[in-house]
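Listed below are the residues making up each chain.
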Amino acid sequence: MKLSTFYHPGYAAPIGDHIMPIRKFGLVAAEVSTLPYVKMVEPTPVTEDDVRRVHTPAYINAIKTGEPRELAESQKFPWSPQLYPSVLLTSGGCLAAAERALIDGSAAALVSGFHHSCADHGEGFCTFNGLVITIDALRAKSLIQSAAVLDCDLHYGNGTASLAAIRPYIQAVSVYGNDYANNVPYRDVAVRHHHDGENHRSFALKSRANGDDLLAVLDQALAALLARGRPDLILYQAGADPFHLDPFSPLELDHDDLLGRDQAVFAFARGQSIPIAWVLAGGYTPDVRQVVKVHVNTFHAWHSVFGG
Ligand SMILES: [Zn+2]
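Below, the structure is looked at part by part. Computed from a predicted model, the values in this text were never measured in an experiment.

## A closer look at unusual backbone geometry
Note: most residues except glycine have negative phi, and most peptide bonds are trans.
Consideration 1: A cis amide bond links glutamate 67 to the next residue, proline 68, at an omega of -10°.
Consideration 2: Mapped onto the secondary structure, proline 68 falls in the loop between α3 (57-65) and α4 (69-72).
Consideration 3: Phi at phenylalanine 114 takes a positive value of approximately 60°, unusual for a residue other than glycine.
Consideration 4: Relative to the assigned elements, phenylalanine 114 resides in the loop between β3 (106-109) and α6 (130-140).
Consideration 5: Overall, phenylalanine 114 belongs to the buried group, its relative accessible area being 12%.
Consideration 6: Backbone geometry places serine 273, a non-glycine residue, at a positive phi of 55°.
Consideration 7: In this fold, serine 273 is placed in the loop between α9 (255-272) and β8 (276-279).
Consideration 8: What makes serine 273 exposed here is its relative accessible area of 53%.

This is the structure we're talking about:
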């Protein structure tokens, strides 16, 4: 069985010269499309009805029209008319991968999950929350009843947590590594306050955490993911920003450590027989080849667990 990987060049709306390296998606696509076990597929956009289950009419309208501009740019990059179609398409990629995972057991989408996006505004480069849009769309189609989000981006998934808080069918687990409580100075302003609840748990990595530390925390996170029963689906945010050269990362995680993380996640999903779909999430290392390598390694990790 080949690994269906959903990608569309239209994912990337023009946002100018920005720390968010949107060209990474095309670079990852070019590389993984050469892997013999990967099948590239173009997704279709989600509908406005899909978005309306998660986001408020005022916010959706701002993303469509650019007005009011402050709300249309609350995710912190310049609004353009191409933004709305591009975010329908990225959410469509996430949804398509999740649907495929329910059939094949696993699938990937070369999109971000946009875990900082909240119901009525965007944050941290995240416009619409593709993860929760996906879960609510699958429930509307009666394809699942419950889902877990395993968020291994460097940053705490505050938007997903806020949306999960009012959705008892979601178990959102965030393993993050930019906790100021660790008291180590670094240059990340994107730290967000978090309050764990029944539907959303968070696990902080200490500063300078290494691969062993990560796997130990991941064990706890995976146990939490099952705390309220076995979910029908796992959406996995395979973040590249925990990487040690990332300008936001206070962690000491190299390529092998992140590969080990991905293998542990896939082995868990396979062992529990839970379908898993993954997305790429953040990654800001100035040498974009390093970011691409983290994301391509997630495919290698998949192959080592599910392939052959
Ligand atoms: Zn991040």
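Further notes follow.
## Observations concerning the nonpolar core
Consideration 1: Counting 100 residues, the largest nonpolar core has Phe128, Leu150, Ile234, Tyr236, Trp278 and Phe299 as its most contacted members.
Consideration 2: It is helix α5 (residues 83-104) that provides the largest number of residues to this core, a total of eleven residues.
Consideration 3: With sequence-adjacent residues up to four places away left out, leucine 150 is seen in contact with Val173, Leu218, Leu222, Leu225, Ile234, Leu235, Tyr236, Gln237 and Val265.

## Overview of the packing of aromatic side chains
Consideration 1: A full pass over the atoms with the stated rule returns eleven aromatic pairs.
Consideration 2: Between tryptophan 278 and phenylalanine 299 the ring centres are 4.9 Å apart and the planes differ by 65°, which places this aromatic pair in the edge-to-face class. Pair noted here: tryptophan 278 is in strand β8 and phenylalanine 299 is in helix α10 (residues 288-306), with a separation of 21 residues, a long-range link.
Consideration 3: You can call tryptophan 278 buried: its relative accessible area is 0%.
Consideration 4: Owing to a relative accessible area of 0%, phenylalanine 299 belongs among the buried residues under this scheme.
Consideration 5: Grouped by ring-pair contacts, the aromatic residues Tyr37, Tyr236, Phe266, Trp278, Phe299, Trp302 and Phe306 constitute a single cluster.
Consideration 6: A cation over a ring is seen here: arginine 139 above tyrosine 169, with NZ or CZ 3.5 Å from the ring centre.

## A closer look at the sheet that holds strand β4 (residues 147-151)
Consideration 1: What the eight strands build is an open sheet, ordered β2-β1-β3-β8-β7-β4-β5-β6; its pairing is parallel. Only two strands of the sheet have a single partner each, and these edge strands are β2 (38-41) and β6 (200-204). Shown here is a sheet whose adjacent strand axes are inclined to one another by a mean of 20°, direction ignored.
Consideration 2: Against the sheet, α5 engages β1 (3-6), β3, β7 (234-237) and β8, with an angle of about 170° to β3.
Consideration 3: On top of the sheet, α10 reaches β1, β2, β3 and β8; it is set at about 165° to β8, its chief contact.

## Considering helix α1 (residues 23-32)
Consideration 1: Among all positions in α1, only Lys24, Phe25, Val28, Ala29 and Val32 are buried. Seen from one end, α1 has its buried residues packed into an arc of 140°, which puts them on one side.

## Points about the environment of tyrosine 156
Consideration 1: When you line up the elements, tyrosine 156 lands in the loop between β4 and α7 (158-164).
Consideration 2: C-alpha of tyrosine 156 to C-alpha of alanine 204: the two residues are 48 residues apart in sequence and 8.5 Å apart in space.

## Details of the pairing of β7
Consideration 1: Going residue by residue along β7, you find Ile234 and Tyr236 tucked away on one face and Leu235 and Gln237 tucked away on the opposite face as well.
Consideration 2: Inspection of the sheet shows β4 paired to β7 by four bridges, in the parallel sense. Its bridge partner being in β7, alanine 148 is matched across the sheet by isoleucine 234.
Consideration 3: A crossover links β7 with its parallel partner β8, the connecting element being α9, and its sense is right-handed.

## Remarks on the environment of isoleucine 133
Consideration 1: Looking at where isoleucine 133 falls in the secondary structure, it is placed in helix α6.
Consideration 2: For isoleucine 133, a relative accessible area of 0% puts it in the buried group.
Consideration 3: Here the alpha-carbon distance between isoleucine 133 and glycine 239, two residues 106 residues apart in the chain, equals 19 Å.
Consideration 4: Beyond its immediate stretch of four places on either side in the chain, isoleucine 133 contacts Val46, Asp50, Val51, Val54, His55, Ser91 and Phe128.

## A word on the side chain of histidine 55
Consideration 1: When you line up the elements, histidine 55 lands in the loop between α2 (48-52) and α3.
Consideration 2: In this structure the side chain of histidine 55 is engaged in a polar contact, spanning 2.9 Å, whose partner is the backbone oxygen of cysteine 118.
Consideration 3: Of the polar contacts made by the side chain of histidine 55, one reaches the backbone nitrogen of asparagine 129; its length is 3.0 Å.

## Digging into the pattern of salt bridges
Consideration 1: Following the criterion strictly, the structure yields twelve salt bridges and no others.
Consideration 2: Across the pair aspartate 50 and arginine 53 runs a salt bridge whose closest N-O atoms are separated by 2.8 Å.
Consideration 3: With a relative accessible area of 10%, aspartate 50 lands in the buried category.

About the criteria used
- Residues numbered from 1 in each chain as written.
- Predicted model: local features only at pLDDT ≥ 70, side-chain atom pairs only at ≥ 80, totals over all residues.
- Heavy atoms only, no water.
- Helix = DSSP H or I, 4+ residues; strand = E, 2+ residues; numbered from the N terminus.
- Buried < 20%, exposed > 50% of the residue type's maximum accessible area, 1.4 Å probe, protein only.
- Core = buried A, V, L, I, M, F, W, Y, C linked by side-chain atoms within 4.5 Å.
- Contact = heavy atoms within 4.5 Å.
- Phe/Tyr/Trp six-rings, centres within 6.5 Å; stacked < 30°, edge-to-face > 60°.
- Lys NZ or Arg CZ within 6 Å of the ring centre and 35° of its normal.
- Pairing = 2+ DSSP bridges.
- Axes fitted to C-alpha atoms, helices over the stretch in contact; angles between N-to-C directions.
- Arc of directions from axis to C-beta.
- Right-handed = clockwise from strand over helix to strand, strands pointing away.
- Polar contact = N/O pair within 3.5 Å; in protein donor to acceptor, adjacent residues only side chain to side chain.
- Salt bridge = Lys/Arg side-chain N within 4 Å of Asp/Glu carboxyl O.

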